[in-house]
Amino acid sequence: MGKFAWKNISKRKGQSLLTILITSLTVMVFVMIFAFYTNFRQGVILSQERLGADILVLPNEVSTDVYTTLYTAEPNNIYMPVEVLDSIKKVEGVALASPQLFIQTLNASCCAVDSETRIIAFETDTDFVLRPWFDESNIDFLADDEIVIGCNVPAYLGNRVGILGDVFRIVGTMGPTGTGMDETYFMNMDVAKRLATTNENLKEILPNIDPQAVYSAILIKVQNGYNIGDVAANIGKADLNVTIVTTDEVVTNIKTQMSMIGQVMILFWILLLVVTVLALIGRFTVLAQARKKEMGILRAIGGQKSDVFKWILFEASLLASIGGLLGSILGVFAVGPLIDLLKQGFAFSMLALNSELIVESLLLGICMAILLGGLAALYPAYKSATLAPQEVIMRGEIC
Amino acid sequence: MTACRDVIKFNHPICELKNVVKTYKSGEIVCPVNGVYLQCNAGDFISIKGPSGIGKSTLLYLVGGLLQADSGEISVDATVLQGINEHDLTVLRATRIGFIFQEINLFQALTVGENLVFALNIVNKYTKNKLSRVDINKKVETYLERLGIGDRREFLPHQLSVGQRRRLVVARALITEPLLVLADEPTNDLDDFWANEVIKLLQSVPARGGAVLMVTHDMLWAEWANRRYAMNHGVLEPK
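Residues numbered from 1 in each chain as written. Chains lettered and ligands numbered in written order. Predicted model: local features only at pLDDT ≥ 70, side-chain atom pairs only at ≥ 80, totals over all residues.

**Some thoughts on the overall build of chain B**
Check the secondary structure of chain B and you find 7 helices and 10 strands. Put simply, chain B has 239 residues, and 49% of those count as buried. Residue pairs at least 24 apart in sequence account for 73% of intrachain contacts in chain B once pairs closer than 6 positions are excluded. (Helix = DSSP H or I, 4+ residues; strand = E, 2+ residues; numbered from the N terminus. Buried ≥ 20, exposed ≤ 12 C-beta atoms within 10 Å, placed from the backbone. Contact = placed C-beta atoms within 7 Å.)

**Describing the overall build of chain A**
Per the secondary structure count, chain A includes 13 helices and 11 strands. Counting contacts in chain A only where the partners sit at least 6 residues apart, residues at least 24 apart contribute 82% of the total.

**Topic: the sheet that holds strand S10 (residues 217-222) of chain A**
Residue and element names in this part refer to chain A. Within the open sheet, the 9 strands sit side by side as S6-S7-S5-S8-S4-S3-S10-S1-S11. Their pairing is mixed. Each having just a single partner strand, strand S6 (160-163) and strand S11 (242-246) make up the two edges of the open sheet. Geometrically, the sheet is characterised by an average inter-axis angle of 35 degrees between neighbouring strands, direction not taken into account. As judged from the 4 bridges shared by strand S4 (residues 118-122) and strand S8 (residues 185-188), these two strands associate in the parallel manner. (Pairing = 2+ DSSP bridges. Axes fitted to C-alpha atoms, helices over the stretch in contact; angles between N-to-C directions.)

**Focus: the interface of chain A and chain B**
Residue-level contacts link 22 residues of chain A with 27 residues of chain B. Looking at the side of chain A that touches chain B, the elements with two or more residues in it are helix H1 (2-11), helix H10 (292-300) and helix H13 (389-394) of chain A. Top contributing element to the side of chain A that touches chain B by residue count: H10 of chain A, with 6 residues. Counted by class, the side of chain A that touches chain B contains 8 nonpolar, 6 polar and 8 charged residues. (Nonpolar A, V, L, I, M, F, W, Y, C, P; charged D, E, K, R; others polar.)

**Considerations on the environment of Trp 269 of chain A**
All names here are of chain A. You can see Trp 269 is positioned in helix H9 (residues 247-290). Accessibility expressed as a C-beta count within 10 Å gives 16 for Trp 269, which makes it partly exposed. Setting aside chain neighbours within four positions, we find Trp 269 in contact with Phe 30 and Ile 33.

**What to know about the nonpolar core**
Formed by 127 residues in total, the largest nonpolar core has its most connected members in Ile 312 of chain A together with Val 63, Leu 180, Val 181, Leu 202, Val 212 and Leu 213 of chain B. Apart from the residues lying within four places of it in its own chain, the contact partners of Ile 312 of chain A are Phe 284, Ala 288, Ala 377, Pro 380, Ala 381 and Ser 384 of chain A. (Core = buried A, V, L, I, M, F, W, Y, C linked by C-beta atoms within 7 Å.)

**What to know about unusual backbone geometry**
All names here are of chain B. Look at Asp 77: it is not a glycine, yet its phi comes out positive at around 50 degrees. Among the structural elements, Asp 77 can be located in the loop between strand S4 (71-76) and strand S5 (79-80). On the basis of neighbour counts, which here come to 16 C-beta atoms within 10 Å, the residue Asp 77 falls in the partly exposed class. One non-glycine residue, Glu 177, lies in positive phi territory at about 50 degrees. Mapped onto the elements, Glu 177 comes out in the loop between helix H5 (162-174) and strand S7 (180-184).

**Observations concerning the pairing of S6 of chain A**
Residue and element names in this part refer to chain A. Residues Val 161 and Ile 163 line the buried face of S6, whereas the alternating positions Arg 160 and Gly 162 sit on a face that is not buried. One ladder, built from 4 bridges, connects S6 with strand S7 (residues 166-173); its direction is antiparallel. When the bridges of S7 are listed, Gly 162 appears paired with Val 167. Between S6 and S7, which follow one another and run antiparallel, lie 2 residues, and Leu 164 among them has a positive phi close to 50 degrees.

**Quick word on the packing of H5 of chain B against helix H6 (residues 192-207) of chain B**
Residues and elements named next belong to chain B. H6 packs onto H5 with a crossing angle of 5 degrees between their chain directions and a minimal axis gap of 11 Å. As the angle between them shows, H5 and H6 are arranged roughly parallel. Between H5, through Gly 163, Arg 167, Val 170 and Leu 174, and H6, the contact on the second element is made entirely by Trp 194, Val 198 and Leu 201. For the contact of H5 with H6, a count of residues per class yields 5 nonpolar, 1 polar and 1 charged. (Parallel < 35°, antiparallel > 145°, perpendicular 65-115°, else oblique.)

**Things to note about the sheet that holds strand S10 (residues 235-238) of chain B**
Residues and elements named next belong to chain B. Pairing in this open sheet of 6 strands is mixed, and the strands run S6-S7-S8-S3-S9-S10 from one edge to the other. Among the strands making up the open sheet, the edge pair consists of strand S6 (97-100) and S10. Averaged over all neighbouring strand pairs, the angle between strand axes comes to 20 degrees, with direction disregarded. In terms of strand pairing, strand S3 (residues 45-49) meets strand S9 (residues 227-232) through 4 bridges, oriented parallel. Bridging across to S9, Ile 48 finds its partner in Tyr 229.

**Regarding helix H6 (residues 189-198) of chain A**
All names here are of chain A. All of the buried residues along H6 are Met 189, Val 191, Ala 192, Leu 195 and Ala 196. Relative to the axis of H6, the buried residues are bounded by an arc of 165 degrees and lie together on one face. As for H6, its buried residues are in contact with strand S3 (94-104), S4, S7, S8 and helix H7 (200-205). (Arc of directions from axis to C-beta.)

**Considerations on the packing of helix H2 (residues 86-96) of chain B against helix H3 (residues 112-126) of chain B**
The packing of two helices is summarised by the inter-axis angle and the distance between the axes. All names here are of chain B. Closest axis-to-axis distance for the H2/H3 pair is 9 Å, and the angle between their directions is 120 degrees. For the element pair H2 / H3, the angle class is oblique. For the pair H2 and H3, the sense of crossing is left-handed. Listed contacts from H3 to Val 91, Ala 94 and Thr 95 of H2 are Ile 122, Val 123 and Tyr 126. When the residues that make up the contact of H2 with H3 are grouped by side-chain class, the tally is 5 nonpolar, 1 polar and no charged. (Left-handed = near helix turned anticlockwise from the far one by under 90°.)

**Concerning the pairing of S7 of chain A**
Examined bridge by bridge, strand S5 (residues 146-149) of chain A and S7 of chain A share 4 bridges and lie parallel to one another. Within S7 of chain A, the residue paired with Ile 149 of chain A across the bridge is Thr 173 of chain A.

**As for the environment of Phe 333 of chain A**
Looking at where Phe 333 of chain A falls in the secondary structure, it is placed in helix H11 (residues 305-345). Phe 333 of chain A sits 305 residues away from Met 28 of chain A along the chain, and the two C-alpha atoms are 9.4 Å apart.

**A short note on the environment of Ala 334 of chain A**
Mapped onto the secondary structure, Ala 334 of chain A falls in helix H11. For Ala 334 of chain A and Met 28 of chain A, which are 306 residues apart along the polypeptide, the C-alpha to C-alpha distance reads 8.3 Å.

**Some thoughts on the confidence of the model for chain B**
It should be kept in mind that the predicted coordinates are not to be read in detail where pLDDT is low. All names here are of chain B. Within chain B, residue pLDDT values average 88, and 95% of them lie at 70 or more. Of the regions scoring below 50 in pLDDT, residues 1-7 engages in 19 contacts with residues more than four places distant in sequence or in other chains. Scored by ipTM, the complex comes to 0.86, with pTM at 0.66. (pLDDT = per-residue confidence, 0-100.)

Now the structure itself:
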């Protein structure tokens, strides 16, 4: 029956193409939704795993835009006095506290980097967040003329880049994080402070700020046995005029948003599925109608009801499989640009598509197509199998 | 293959109809078959003639188990069709009966050769001594040559002329070497030469111990049968 079904499909190209088109479009949308959502979820999990700190302390002004600060690469020039760090170190339950300073490159012809890009400066002595990433790239020490770049930062002049008038050597590229870190330069705190102090153009962007006396963020590791929430509350009691964010809270908020988006996606997906099953039932009914006479012949020459059932089911499944394969491939190709587009508009953590997810999406798309095709073909196949042979052969012939 | 006996026995009944009645309701009740008696023995070539619409095709479909009689009894190769289950009836059709339908019905997606192979493969499913692929191909070749479409083996049905399609339908019915051939206007669309060839092929069925029940409105071909009937008011009248 397999060969027979295939012959029927290949010899009736017009009808087959229409069915394949319906299936492939549905599967394409399904694969896009699946790949996007999975990618998004993986990005959040990765961020949570790699954020490193239990608590983030940011200047008060950032309170409304904490996600942009953490998850996008937008330059975010926020500052608090360096004394905050000393106060935090004294809070009970704080094991490690490491400061970071955010500055940025400029849209200026004097700089080799020709767009505004965030620079994160860190203290090599106290840092515990970036260290593991550097270890992954086998970077032991960052000299004053060395920087590390995020995985999406383009390198200029080979392994050298000009930033705010100085030339730096790129000694490593961080692995993908799905966050703004992927588009960030990392350098030593002392160097960044010197650049911010001496660069006249940057001074204009940061008026009334003494770079030597400020930090942008303090990342805190809580001592074992202490509750993160309690330590955060203790910091709050110190009245430091800062925004305190526990990373759990950040991830929970993102997960809540993700869950809502997921629900909407699932709803649309179910609607799409129902419409497609109905459309396919219609297609397969037409397919069965067009083969009515041949079904009659098959029954007359000794084909059982089950042969007719298998024939229609096989043909439908084959069409759905082809549509599924095409749709899956199209979906995988289309989801990359979709993610890039959404990355521009949302402050969410997203990774580039990995091969595992691509294979998973392809397989899932094909399986879904076969399931969908089989489901939609059941009724027409059953109806065809239960038709009395004389009904289909003799109509118009009897008398 | 299987249908015909190794030892040919003539004059034993291949199909029997006893007081068979069939009515239809299409607006008004019509009764195309109204108490038909017929015994068709091995070696018989029976023709049934009559004008169009008189019930000749209905009679063939009743004998072939494609229609159920309202009353009476039909048996094929000693199997009574009334009460037989669907599966066994299908097996009986595959292994004992060959249909030549009035309308040309072929598998449009299969080539000329594949249409015949398909029919043989179905019968192969139900038989112990299955034909090998080589035997099947040889048989297909023989029938196609015999009916003058040997060079059309790889053609699709729609690429054939009406006459060639008709001959293919005849080949499909005969290639399985059924015990009983039910032929509904088998010479339609054929010129005299090919009509003659088809009739000769049909005559080979009774010659090997089978039987043919042929419906025709053509007096000329009806004369080739050894027993001739006319259908009138739902009953068969010997001629």
